[in-house]
Number of protein chains: 2
Amino acid sequence: MQKTFTYIDDHFEGMVKDLQAFCAQPSIAAQNIGMAETAHMLVQKMQEAGIEARVLENENGYPVVYGEAKGNSDKTLLFYNHYDVQPPEPIEKWNYPPFGSEIHDGILYARGCSDNKGTLLSRVHAIEAILKSGHTLPVNVKFLVEGEEEIGSPSFEAFVHAHKDLLQADACLWENSAKDEEDNPVVKLGNKGMLYCQLHVKTGNTDVHSMNAPVVPNAAWRLVQALNTLKDEKENILIEGFYDDVLPICPEETEAWKKVPSPEEGLKKRLGISRLVNDAKGDEVNIALYTKPSCNICGVVSGYTGEGQKTVTPCDASAKLDFRLVVAQDPQKIFSLLRSHLDRKGFTDVEVSITSAAAPTKTPVTEKFVQVICRAAEDVYDKPLVILPTAAGTGPRDVFAYTDMPIAGIGCGHAGSVQHAPNENIRLTDYKEAIKHVAALLFHAEQEEIR
Amino acid sequence: MQKTFTYIDDHFEGMVKDLQAFCAQPSIAAQNIGMAETAHMLVQKMQEAGIEARVLENENGYPVVYGEAKGNSDKTLLFYNHYDVQPPEPIEKWNYPPFGSEIHDGILYARGCSDNKGTLLSRVHAIEAILKSGHTLPVNVKFLVEGEEEIGSPSFEAFVHAHKDLLQADACLWENSAKDEEDNPVVKLGNKGMLYCQLHVKTGNTDVHSMNAPVVPNAAWRLVQALNTLKDEKENILIEGFYDDVLPICPEETEAWKKVPSPEEGLKKRLGISRLVNDAKGDEVNIALYTKPSCNICGVVSGYTGEGQKTVTPCDASAKLDFRLVVAQDPQKIFSLLRSHLDRKGFTDVEVSITSAAAPTKTPVTEKFVQVICRAAEDVYDKPLVILPTAAGTGPRDVFAYTDMPIAGIGCGHAGSVQHAPNENIRLTDYKEAIKHVAALLFHAEQEEIR
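Bear in mind the structure is a predicted one, so any value in this text is a computation, not a measurement. (Residues numbered from 1 in each chain as written. Chains lettered and ligands numbered in written order. Predicted model: local features only at pLDDT ≥ 70, side-chain atom pairs only at ≥ 80, totals over all residues.)

What is the right way to read the overall build of chain A from this model?
Of regular secondary structure, chain A possesses twelve helices and 19 strands. The C-alpha atoms of chain A give 23 Å as radius of gyration, which agrees with the globular expectation for 451 residues (22 Å, within 12%). Dimensions along the principal axes, computed over C-alpha positions, put chain A at roughly 80 × 45 × 45 Å. When the 451 residues of chain A are sorted by exposure, 57% land in the buried category. Within chain A, contacts between residues separated by at least 24 positions form 79% of all contacts whose residues are at least 6 apart in sequence. (Helix = DSSP H or I, 4+ residues; strand = E, 2+ residues; numbered from the N terminus. Rg over C-alpha atoms; globule rule 2.2 N^0.38 Å. Buried ≥ 20, exposed ≤ 12 C-beta atoms within 10 Å, placed from the backbone. Contact = placed C-beta atoms within 7 Å.)

What exactly am I supposed to notice about the sheet that holds strand β19 (residues 425-427) of chain A here?
Strand pairing in a sheet is mediated by backbone hydrogen bonds. Such pairs are either parallel or antiparallel. All names here are of chain A. Strands sit in the order β4-β5-β19 across an open sheet of three strands; the sheet is antiparallel. Edge positions in the sheet fall to β4 (102-104) and β19, since each has one partner strand and no second. When the angles between neighbouring strand axes are averaged without regard to direction, this sheet yields 25°. Here β4 pairs with strand β5 (residues 107-109) via three bridges, running antiparallel. (Pairing = 2+ DSSP bridges. Axes fitted to C-alpha atoms, helices over the stretch in contact; angles between N-to-C directions.)

Help me out: how do you make sense of the interface of chain B and chain A in this one?
In many analyses, interface size is given as the accessible surface area lost on bringing the parts together. If you look at the interface, chain B gives 74 residues, while chain A gives 74 residues. Breaking the side of chain B that touches chain A down by element, the ones donating at least two residues are β11 (208-209), α6 (219-228), α8 (264-271), α9 (283-291), β12 (294-303), β13 (312-313), β14 (316-325) and β15 (350-358) of chain B. Ranked by the residues each element gives to the side of chain B that touches chain A, the list is headed by β12(B), at nine residues. Partitioned by chemical class, the residues of the side of chain B that touches chain A number 35 nonpolar, 30 polar and nine charged. Where strand β12 (residues 294-303) of chain A lies against β12(B), five bridges are found, and the strand directions are antiparallel. In the strand pairing of β12(B), A:Gly299 is matched with B:Gly303. (Nonpolar A, V, L, I, M, F, W, Y, C, P; charged D, E, K, R; others polar.)

It is not clear to me how the domain arrangement of chain A should be interpreted in this structure. Could you clarify?
Residues and elements named next belong to chain A. You can read the domains of chain A as domain 1 (2-191 + 360-447) and domain 2 (193-257 + 275-358). In this assembly, 13 residues from domain 1 lie in contact with 16 residues from domain 2. When the residues that make up the side of domain 1 that touches domain 2 are grouped by side-chain class, the tally is eight nonpolar, three polar and two charged. (Domains from an automatic or database assignment.)

Is there a simple way to think about the relation of the copies chain B and chain A in this case?
One copy of the chain maps onto the other through a rotation about an axis plus a displacement along that axis. The two copies are related by a screw motion: chain B maps onto chain A through a turn of 180° and a shift of 0.0 Å along the axis, at an RMSD of 0.1 Å. Here the symmetry operator amounts to a two-fold rotation axis. Distance from the rotation axis, computed per C-alpha, reaches its smallest value in chain B at B:Val301: 2.2 Å. (Least-squares fit on C-alpha atoms with pLDDT ≥ 70 in both.)

Would you mind showing me how to read the packing of helix α1 (residues 2-10) of chain A against helix α12 (residues 428-447) of chain A here?
When two helices pack together, their arrangement is given by the angle between the helix axes and by the axis-to-axis distance. Residues and elements named next belong to chain A. It is at 10 Å that the axes of α1 and α12 come closest, and there the two elements cross at 155°. Relative to α12, the element α1 lies roughly antiparallel. The two elements α1 and α12 meet at a crossing, and its hand is right-handed. Of the residues in α12, those touching α1 at Thr4, Phe5 and Ile8 are Lys432, Ile435, Lys436 and Ala439. For the contact of α1 with α12, the residue count by class is four nonpolar, one polar and two charged. (Parallel < 35°, antiparallel > 145°, perpendicular 65-115°, else oblique. Left-handed = near helix turned anticlockwise from the far one by under 90°.)

I would appreciate a short explanation of the environment of A:Gly266 in the present structure.
Residues and elements named next belong to chain A. For Gly266, the position within the fold is in helix α8 (residues 264-271). Note: C-alpha distance between Gly266 and Ala415 (149 residues apart in sequence) is 7.9 Å. Those residues in contact with Gly266, other than ones at most four positions away along the chain, are Glu181 and Ala415.

Explain α8(A) here, please?
A turn of α-helix holds 3.6 residues, and therefore any two residues three or four places apart point the same way. Looking at α8(A), one finds that the buried residues are A:Glu264, A:Leu267 and A:Leu271. The buried residues of α8(A) occupy an angular sector of 70° when the element is viewed end-on, so they sit on one face. Of the surrounding secondary structure, the elements contacted by the buried residues of α8(A) are α9 (283-291) of chain A together with β11 of chain B. Just past α8(A), the residue A:Gly272 takes up positive phi, approximately 65°. (Arc of directions from axis to C-beta.)

How do you make sense of the nonpolar core when you look at a structure like this?
Generally speaking, a soluble globular protein has its nonpolar side chains buried in company with each other. Among the nonpolar cores identified, the biggest contains 281 residues, and A:Phe143, A:Leu223, A:Ile373, B:Val65, B:Phe143, B:Leu223 and B:Ile373 are the most heavily contacted of them. Apart from residues no more than four positions distant in its own chain, A:Phe143 is found in contact with A:Met46, A:Ile51, A:Ala53, A:Val65, A:Tyr66, A:Gly67 and A:Phe79. (Core = buried A, V, L, I, M, F, W, Y, C linked by C-beta atoms within 7 Å.)

Looking at this model, I keep getting lost on the confidence of the model for chain A. Mind explaining?
Residues with a pLDDT of 70 or more make up 100% of chain A, whose mean pLDDT is 95. Confidence estimates for the predicted assembly give a pTM of 0.78 and an ipTM of 0.78. (pLDDT = per-residue confidence, 0-100.)

What is the right way to look at the pairing of strand β7 (residues 171-174) of chain A in this model?
Residues and elements named next belong to chain A. The alternating pattern of β7 places Ala171 and Leu173 and Cys172 and Trp174 on opposite faces, both of which are buried. With three bridges connecting them, strand β3 (residues 76-82) and β7 associate as parallel partners. Its bridge partner being in β7, Leu77 is matched across the sheet by Ala171. Alignment of β7 against strand β18 (residues 407-409), held across three bridges, turns out to be parallel.

Explain the pairing of strand β2 (residues 64-69) of chain A to me, please; I cannot follow it from the model alone.
Within a regular strand, side chains alternate between the sheet's two faces. Residue and element names in this part refer to chain A. By the criterion of burial, β2 is predominantly enclosed, with five of the six residues buried. The pairing of β2 with strand β6 (residues 140-146) spans five bridges and is classified as antiparallel. Residue pairing for β6: Tyr66 is matched across the bridge by Leu144.

This is the structure in structure tokens:
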């Protein structure tokens, strides 16, 4: 393994250049920009690393990249990642171009570098380092890289179900993770679920001069009033039945949460804010962030939003909402409850449609695979790996609910990576550690029980 | 006068071409597009009509166009108009290009053709017709045409106060009017006041991944919650003290309102809606439209509003509001009350700024000038002129509060002109009548008492 680590140290500059090139290639699923180009670029990089990679056509969506590398043992690890990224808007808030892949003071700035092109490429580079440092691969590895994670993976479930044999594995390394506010590396054992939906109100067939406001219905007001019924000022979600299926947190998980450092001070400093929602402090922050469902406005728009003054009563208004869900809330049921709630409150005119849905999932902290990941981390990091029973974010882990394999996420982000926001970034020192952690994990997985 | 009417009939085609050219020239004050070009184009058209016209520099804003034509008597009428127009957005909702000036089935479609380039040019064409049909002008006429009406006339008051001698007149013809839902011509004797303001919330220095929603404040939610405190579902404005200065409607005005046809059915049909605000019916519609103040959302925006899905917790949110005010509400006082209201409700973080402000004003229905306008209308229209004690819209009439001259608005719009909205239009038959009405008014004004 030491030869592999030395190879990584000696060839790190080239690996960073690979990563810059990969991040400079836009792959915005929401806007259908650069998707096929990115898939083919990834296949080429994987092949250069010694992985048998190919694009699998996906008739219902963007192409999927699949790769295999044969190992010394009959154990198989599946790596799940995605090559798509969030839209870069608002572009004016970036200090460097979102697809410029510029490095400043050891930090790479690019849309998707943290979520999740960096972690994806760290795994490719780990295989490259093992193979090119004179080893055969310790275990079999399969790569499954989709292009629709940032739009809710609409075709992924059908794809996985159609390729169950190909994707057979003993355990799965999930797409991503990031160091916490105290710079501890983190392994994530679950995801929240999500219901992403759009609300739309149409109050007439044309906008009118706002002198008509006393008598002509205003779509923006209707939407504001409808949204306002969804949540109170304490963040309680007011949709009847919303919390019915939330499972209580067991004592073991409560203990695990106590070991997770609070992100309170780091979050406040990084975002320039003096208080968090509900004035949460210390341990309350993690409890809220990871174990509570949420109802978030991602965007809202109606009427005139340009420069200066326009006096208009708008006939259209839209909002994008995401509900983050916890075990065992069902996104389809939540959608029905939302519809019923709006109807009950008199907002039958507010249309609601689902953009994407994913169920929440968790891998138990007691799985052997989790311990192997922790031991591999000891070879790389100065600090012990923090076990996060579930992440705050969402991913399509629920697609693998048909298997019982453990699923755990590790990656190259840090607490200030600002995923999905302007100035997304990763630190190059974290990138090198992420490569080494994956390499170490493969060596450990050959020698130790992973199930 | 008949020679003048004949001239208008014989030369109407050329007048329509003038109007098309004038409407094809964008003059969007809010976006500073085409302002000087339009002012110069207008001066040229006025000079061609026989009016001594020139651009007056306006150091604090867009140029003002001034014109004079000497008449037979010592009476002077001042014509107030504006050459600026509203922004054309949303452009995709126009059936014809907003600056294409296309005519279809006798209807001209163009941004600003109704508000108020059509009415403005109808007055220029009336003077042209009188002079070129062999008459001298019956009374003195002064044109005052500003370029900032659609952005709240920010520099107009200072300009008028600096030119009081130049603008001295016996009565004023205000910028605009439109036929009502029953196709009656209308004279408007007042304007509502307006407070246009922007609300802005900033909850941090960057947008974040929406997985942080349970703990990171969301600017869109703050704005929705703040807006929701302003009004109840019955359209009552909840700002403490908002209604304190509203004067009761006197019995004479109540009688006048009863003669104004209800726009209920026309509005519903034209906008494709089945009910008006508060389910107003019949006379209630005019009472609400003209005598009640309103609080309207002109626009609201926060977060991601593009195609597809982006999971983000936005740190910025903005709304544009207009409050239409009635006699004797004071916009500056309303602004103070709004600020106090938000503070009292806990929204000290919501910034509010004034974009523009205008006080409400009314000319009494008993003024002789109003009767002269009515008699002139009898020469042109099949139906009697409806007297509207005040318009639903706003204009800078309050700038002339220092004089006691009567101010009345007539014009070429119709009930379906959709001012400020996509597909703004006028009917060419209305345009011809508007020209004749102004010409007839000038002849009547020479013979009859206007004060």
